[in-house]
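Report on the structure
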Amino acid sequence: MIKIWGRRDGSNVVKAMWAVGELGIEYDRIDWGGKFGGNDDPEYRAKNPNGRLPTLEEEDGFILYESGPIVRYLCAKHSMGNLCPDTLKGRAEADKWMDWSSLNLANFNGVFLDQFFRLSKDQRDPVKVDAAIEAATKMYDILESHLADRPYLCGDKFTMADIPAGSLTYRWMTWPDSIPSHPNVKAWYDRLAARPAYQKHVAQANNKRE
Ligand SMILES: N[C@@H](CCC(=O)N[C@@H](CS)C(=O)NCC(=O)O)C(=O)O
């Protein structure tokens, strides 16, 4: 059985776990990092010198850190031609969206977490919140155009390309205040949110705003 080291609500852990859920792989997820600690444990550092989450460990001793590569590896191993596109161009396209999402959609998540979970109401900075919304809106404008004539990022089928973007969009879509409307993004998000693995590993794993 594979092991995934990482607390279930870490945004990068969520990505890996959603892939694990989609693939139906048996797993043992070990609560690690955050309030559970352990990142500086020498044995853990030997597996992941960054002391970050998630880390994948397979029974034969194979170890992999970095959430994007974990998603790619598991999808290529267990779902080639389905979650992992099996053409060179198809795979490059999926890689593009995975990297694009991790680079461009994560900041909003970070600001949301800082402002609404880590700081008290009177410590919140509306300027930072507004700047994060403005920057994210430009990125969702790009997704909005891309999703105008396809249901998923790589076309007709759900693939690994949707995993980083879809998991990072959870907070955007559950943002309680008004955010600019992106109907194509909303329709895509609703398709993802209807997936049992999304419900279990993304929606239920993300801690809720007070
Ligand atoms: N680029 C890394 C980033 C890993 C990362 O920063 N993970 C966060 C959790 S999402 C972490 O380890 N934070 C420290 C902690 O939770 O203890 C990846 O995608 O896996």
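Given the structure is predicted, the values throughout are model-derived calculations rather than measurements.

Focus: the pattern of salt bridges
- For the coordinates displayed, the defined rule picks out 12 salt bridges.
- For Arg118, the salt bridge is made with Asp114, and the minimal N-O distance between the two is 2.9 Å. With a gap of 4 residues between them, Arg118 and Asp114 both fall in helix α5 (residues 106-118), about one helical turn apart.
- Judged by relative accessible area, which is 34%, Asp114 ranks as partly exposed.

What to know about the site of the ligand
- Within the structure, the ligand sits among Arg7, Gly10, Ser11, Asn12, Gly33, Gly34, Asn39, Arg52, Leu53, Pro54, Glu66 and Ser67.
- One nitrogen or oxygen atom from the main chain of Gly34 is found 2.7 Å from an oxygen atom belonging to the ligand.
- At 3.1 Å, a side-chain N or O of Arg52 approaches an oxygen atom of the ligand.
- Calculation on the ligand without its partners gives an accessible area of 510 Å², and the protein chains cover 77% of this total.
- Looking at the shell around the ligand residue by residue, the classes come out as 2 nonpolar, 7 polar and 3 charged.

Let's talk about the sheet that holds strand β2 (residues 27-30)
- One open sheet accounts for 4 strands, arranged β2-β1-β3-β4; its pairing is mixed. Both outer strands of the open sheet, β2 and β4 (63-65), are each paired with one neighbouring strand and no more. Strand-to-strand twist in this sheet, taken as the mean axis angle between neighbours without regard to direction, amounts to 20°.
- Looking at chain direction, strand β1 (residues 2-5) and strand β3 (residues 55-57) are connected through 3 bridges and run antiparallel. Residue Ile4 lies in a different strand from β3, and its bridge partner there is Leu56.
- Helix-sheet contacts for helix α1 (residues 11-23) involve β1 and β2, and the interaxial angle to β2 is about 165°.

Structural notes on the pairing of β2
- Sheet analysis places β1 next to β2, joined by 4 bridges and oriented parallel. Paired with Trp5 across the strands is Ile30, a residue of β2.
- What joins β1 to β2 is α1, and the crossover it makes is right-handed.

Details of the side chain of His182
- When you line up the elements, His182 lands in the loop between α7 (162-173) and α8 (183-193).
- The residues touching His182, leaving out its near neighbours within four places in the chain, are Thr137, Tyr140, Asp141, Glu144 and Trp172.

Comments concerning the domain arrangement of the protein chain
- The assigned domain composition of the protein chain is domain 1 (2-78) and domain 2 (88-201).
- Between domain 1 and domain 2, the C-alpha centre-to-centre distance is 22 Å.
- Taken together, the contacts link 15 residues of domain 1 with 19 residues of domain 2.
- Roughly 1500 Å² is buried in total at the junction of domain 1 and domain 2, and carbon and sulfur atoms are behind 64% of that figure.
- Its largest share of buried area at the contact with domain 2, domain 1 owes to Lys15, Trp18 and Arg72, together 48% of the area lost on that side.
- Counting the contacts that link domain 1 with domain 2 gives 3 salt bridges.
- One salt bridge in this structure joins Arg72 and Asp95, with 2.6 Å as the shortest N-O distance.
- The leading source of residues in the side of domain 1 that touches domain 2 is α1, at 8 residues.
- Taken together, the residues that form the side of domain 1 that touches domain 2 break down as 8 nonpolar, 3 polar and 4 charged.

A short note on the packing of helix α4 (residues 88-104) against α7
- With their axes 7 Å apart at the nearest point, α4 and α7 run at an angle of 25° to one another. Relative to α7, the element α4 is oriented roughly parallel. Contact residues: Met98, Ser101 and Ser102 in α4; Pro164, Ala165 and Leu168 in α7.
- Across the contact of α4 with α7, the residue classes break down as 4 nonpolar, 2 polar and no charged.

Overview of α5
- Over its 13 residues, α5 runs 17 Å from end to end, which matches the ideal 18 Å to within 8%, given 1.5 Å per residue.
- Looking only at α5, the buried set comprises Phe108, Asn109, Val111, Phe112, Leu113, Gln115 and Phe116.

Criteria and cut-off values
Residues numbered from 1 in each chain as written. Predicted model: local features only at pLDDT ≥ 70, side-chain atom pairs only at ≥ 80, totals over all residues. Heavy atoms only, no water. Salt bridge = Lys/Arg side-chain N within 4 Å of Asp/Glu carboxyl O. Helix = DSSP H or I, 4+ residues; strand = E, 2+ residues; numbered from the N terminus. Buried < 20%, exposed > 50% of the residue type's maximum accessible area, 1.4 Å probe, protein only. Near = heavy atom within 4 Å. Polar contact = N/O pair within 3.5 Å; in protein donor to acceptor, adjacent residues only side chain to side chain. Areas by Shrake-Rupley, 256 points an atom, 1.4 Å probe, with all protein chains shown as cover. Nonpolar A, V, L, I, M, F, W, Y, C, P; charged D, E, K, R; others polar. Pairing = 2+ DSSP bridges. Axes fitted to C-alpha atoms, helices over the stretch in contact; angles between N-to-C directions. Contact = heavy atoms within 4.5 Å. Right-handed = clockwise from strand over helix to strand, strands pointing away. Domains from an automatic or database assignment. Buried area = accessible area lost by both parts, 1.4 Å probe. Parallel < 35°, antiparallel > 145°, perpendicular 65-115°, else oblique. Expected span 1.5 Å × (residues − 1).

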